[in-house]
Amino acid sequence: MRYVDIGDLRLDDGWPALAEAACRDVIENGASIADHDDLWRDTKKRLGALLHDKCWFCETPVDRSDNAVDHFRPKGRVADALQEHNGYRWLSFESRNFRFACTFCNSRRVDIENGTAGGKADRFPLVDEGARVYAVDPAVIDYDDLIATVDAETPAILDPCDPDDWLLLGCKRENGKPCATSSEPAAVRRVEQSIEVYHLDYEPTCKRRHTIAGQLLEKVREAKKAFLEIDETDLKTTRRFKQLFVEIHRMIKMKAPFSGEMHFLLQGQRSPDHPWIENVLSAGG
């Protein structure tokens, strides 16, 4: 997972006005959300571009035919609500509620062979269920800031649009399975719920993650050796190390698959003998 600034989403001319009209039609007139679903479907390509056409939850590159606009707060029923919840209908056309997801993270699936299940679907657990918003008064809400209606809620799952959340998710070097980067109990609970809700432990994804992790760590081993062998009288040794530096940096850049987890694994390779690793981590991109 990486941080995605949803504020970078560029919309078509007049889109906000169309979204407000659709929202009013749904919550004031009782219209079907599906009557206006073209509004969020039209944003899919631009949402994908914000993270180089990768799923925002698992960072797997997404084929154009196998993706979806996820409503972070579900527009239909909410399975985790203690009382019957008909969905955050008033946020159906709020662009800050949109996330770009692959089928495996967005839709409920059971992997019988490997014993895992997940997929966001209608899931949206909260840290404090008592803070959940069930409905809004159309007469008093600000249609220019609909997301403010849920300010009291704290999601129990990681949000790629929260600048801190991606730092909580890593993976195990030995098998590519997702894990928490911290031992802090609240953070561990949120990561564990996110793994289940987004199906981040889907075995084929773990295998792909593990393959890239192995490639990264092999590059790091080579770079550590090359760094210690730098000879200022032999330019070839410097060029060799710099090339490996670039290749490692490419593996943690935003456009790379599973870059957040690779960022976490690279952090674990830091040592006083290899200050260059911190330089890779801080190089940006």
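Above this note sits the structure.
Just so it is clear, the structure is predicted and the values come from calculations on it, not from any experiment.

Calculation criteria
- Residues numbered from 1 in each chain as written.
- Predicted model: local features only at pLDDT ≥ 70, side-chain atom pairs only at ≥ 80, totals over all residues.
- Heavy atoms only, no water.
- Helix = DSSP H or I, 4+ residues; strand = E, 2+ residues; numbered from the N terminus.
- Buried < 20%, exposed > 50% of the residue type's maximum accessible area, 1.4 Å probe, protein only.
- Phe/Tyr/Trp six-rings, centres within 6.5 Å; stacked < 30°, edge-to-face > 60°.
- Core = buried A, V, L, I, M, F, W, Y, C linked by side-chain atoms within 4.5 Å.
- Contact = heavy atoms within 4.5 Å.
- Axes fitted to C-alpha atoms, helices over the stretch in contact; angles between N-to-C directions.
- Parallel < 35°, antiparallel > 145°, perpendicular 65-115°, else oblique.
- Nonpolar A, V, L, I, M, F, W, Y, C, P; charged D, E, K, R; others polar.
- Pairing = 2+ DSSP bridges.
- Polar contact = N/O pair within 3.5 Å; in protein donor to acceptor, adjacent residues only side chain to side chain.

Peer 1: Give a detailed account of the environment of L167, specifying residues and quantitative values.
Peer 2: With respect to the helices and strands, the residue L167 is situated in the loop between β4 (116-118) and β5 (169-171). The exposure class of L167 is partly exposed, given its relative accessible area of 43%. When the C-alpha positions of L167 and G48 are compared, they lie 21 Å apart, and in sequence the two are 119 residues distant.

Peer 1: Residue-level account of the packing of aromatic side chains, with values.
Peer 2: Tallied over the entire structure, the rule returns 10 aromatic pairs. Judged by centre distance (4.1 Å) and plane angle (20°), the ring pair of F57 and Y198 falls under stacked. Taken together, the residues F57 in the loop between α3 (44-49) and β1 (67-71) and Y198 in the loop between α5 (185-197) and α6 (203-228) connect sequence positions 141 residues apart. Residue classification places F57 among the buried positions, given a relative accessible area of 1%. Take Y198: its relative accessible area is 0%, and that puts it in the buried class. Look at Y88 and W90: their rings are 5.4 Å apart centre to centre, the planes differ by 55°, and that puts the pair in the tilted class.

Peer 1: Please give an account of the pairing of strand β2 (residues 98-102) that cites residues and values.
Peer 2: For β2, a buried count of five out of five residues is recorded, marking the element as mostly surrounded by other parts of the structure. Along β2, one buried face is formed by F98, F100 and C102 and the opposite face, lined by R99 and A101, is buried too.

Peer 1: Can you tell me about the nonpolar core, naming the residues and giving the values?
Peer 2: The biggest cluster of nonpolar side chains holds 51 residues, and the ones touching the most others in it are L47, C55, W56, F93, C105 and Y198. Among the elements of the structure, α1 (15-29), α2 (38-41), β2 and α5 are those that each provide at least two residues to this core. Of all the elements, α1 adds the most residues to this core, at five residues. In this view, C105 contacts C55, F57, C58, G119, K120, V197, Y198 and L200; residues no more than four positions away in its chain are not counted. Of all hydrophobic cores here, the second largest spans 20 residues; its members include C171, V220, A226 and L244.

Peer 1: Any details on the packing of helix α7 (residues 235-252) against helix α8 (residues 259-267)? Residues and values, ideally.
Peer 2: It is at 7 Å that the axes of α7 and α8 come closest, and there the two elements cross at 130°. Between α7 and α8, the angle falls in the class oblique. On the side of α7, the interface is formed by I248, M251 and I252, while α8 contributes S259, M262, H263 and L266. For the contact of α7 with α8, the class distribution of residues is five nonpolar, two polar and no charged.

Peer 1: How would you explain the pairing of β1 if you had to name every residue and give the values?
Peer 2: Counting buried positions along β1 yields five of five residues, so the element is predominantly enclosed. In β1, alternate side chains face the same way, and those of N67, V69 and H71 on one face and A68 and D70 on the other are all buried. Here β1 runs beside β2; their pairing, made up of five bridges, is antiparallel. Counted as the bridge partner of A68 is A101 from β2.

Peer 1: Lay out the side chain of D165 with the relevant residues and their values.
Peer 2: Position of D165 among the secondary structure elements: in the loop between β4 and β5. The class of D165 is buried, set by a relative accessible area of 4%. A distance of 2.8 Å separates a polar atom in the side chain of D165 from the backbone nitrogen of D159. Discounting residues that sit within four places of it in the chain, D165 has contacts with I157, L158, D159 and R190.

Peer 1: Give a detailed account of α8, specifying residues and quantitative values.
Peer 2: For α8, the buried fraction is high: seven of the nine residues fall into the buried class. Residues of α8 that are buried include every one of S259, G260, E261, M262, H263, L265 and L266, and no others. In this structure, the buried side of α8 is in contact with β5, α6, α7 and α9 (276-281).

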